[in-house]
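Spelled out from the first residue to the last, the chains are:
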Amino acid sequence: MSKNYEDLHELDSYQLENEDQDLRGSTLYSTDGTRIGTVRRMLVDPDRDHVAGLVLDDDRFVPVSEIEIRDGDAYIDPVEAVGFNDTRARKHNVSRSHVTVRRRTA
């Protein structure tokens, strides 16, 4: 994980362009239905103006490029989820893509 990532919650100068992509508090599942964890934080790469990763409730990092959003929850292909497996209804769906942010204007 890059040391340049910053927590979206702490960045007053950024907001999500699409609020339906706010995954904080949502569950991350593999596409086969296995619950992987709960998203606690979204990390922004300020050099590229997009959310680069998610931090789960057990502090695991998941790259946003590997997930897609369906019905308010995040899903990851089981093949991609191998490193993230947990051993223990919104209307908008968003295909796998960048989760972009924009700088707020005063």
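Placed above this text is the structure.
The paragraphs below set out a description of the structure included in this document. Worth saying up front: this structure is predicted, and the values here are computed from it rather than measured.

Topic: the overall build of the protein chain
In terms of regular secondary structure, the protein chain is built from zero helices and nine strands. Secondary structure of the protein chain in N-to-C order comes out as β-β-β-β-β-β-β-β-β. Across the 106 residues in the protein chain, those meeting the buried criterion constitute 42%. When the accessible area of the protein chain is evaluated, it comes to approximately 6300 Å², of which 41% is carbon and sulfur surface.

Description of the nonpolar core
Nonpolar side chains in soluble globular proteins tend to be buried together. Within the largest apolar cluster, 20 residues are counted, with the highest numbers of intra-cluster contacts made by Leu23, Leu28, Leu54 and Ile67. Every element with two or more residues in this core is listed here: strand 2 (14-16), strand 4 (35-45), strand 5 (50-56), strand 7 (67-70) and strand 8 (73-76). The dominant element in this core, judged by the number of residues it contributes, is strand 4, at four residues.

Quick word on the pattern of salt bridges
Counted by the stated rule, this structure contains five salt bridges. The partner of Asp45 in a salt bridge is Arg48, and the shortest N-O contact between them spans 3.4 Å. For Asp58, the salt bridge identified is with Arg60, shortest N-O distance 2.7 Å. Judged by its relative accessible area of 16%, Arg60 is buried.

Each value, and the rule that gives it
- Residues numbered from 1 in each chain as written.
- Predicted model: local features only at pLDDT ≥ 70, side-chain atom pairs only at ≥ 80, totals over all residues.
- Heavy atoms only, no water.
- Helix = DSSP H or I, 4+ residues; strand = E, 2+ residues; numbered from the N terminus.
- Buried < 20%, exposed > 50% of the residue type's maximum accessible area, 1.4 Å probe, protein only.
- Areas by Shrake-Rupley, 256 points an atom, 1.4 Å probe, with all protein chains shown as cover.
- Core = buried A, V, L, I, M, F, W, Y, C linked by side-chain atoms within 4.5 Å.
- Salt bridge = Lys/Arg side-chain N within 4 Å of Asp/Glu carboxyl O.

In short, geometric facts, not functional conclusions.
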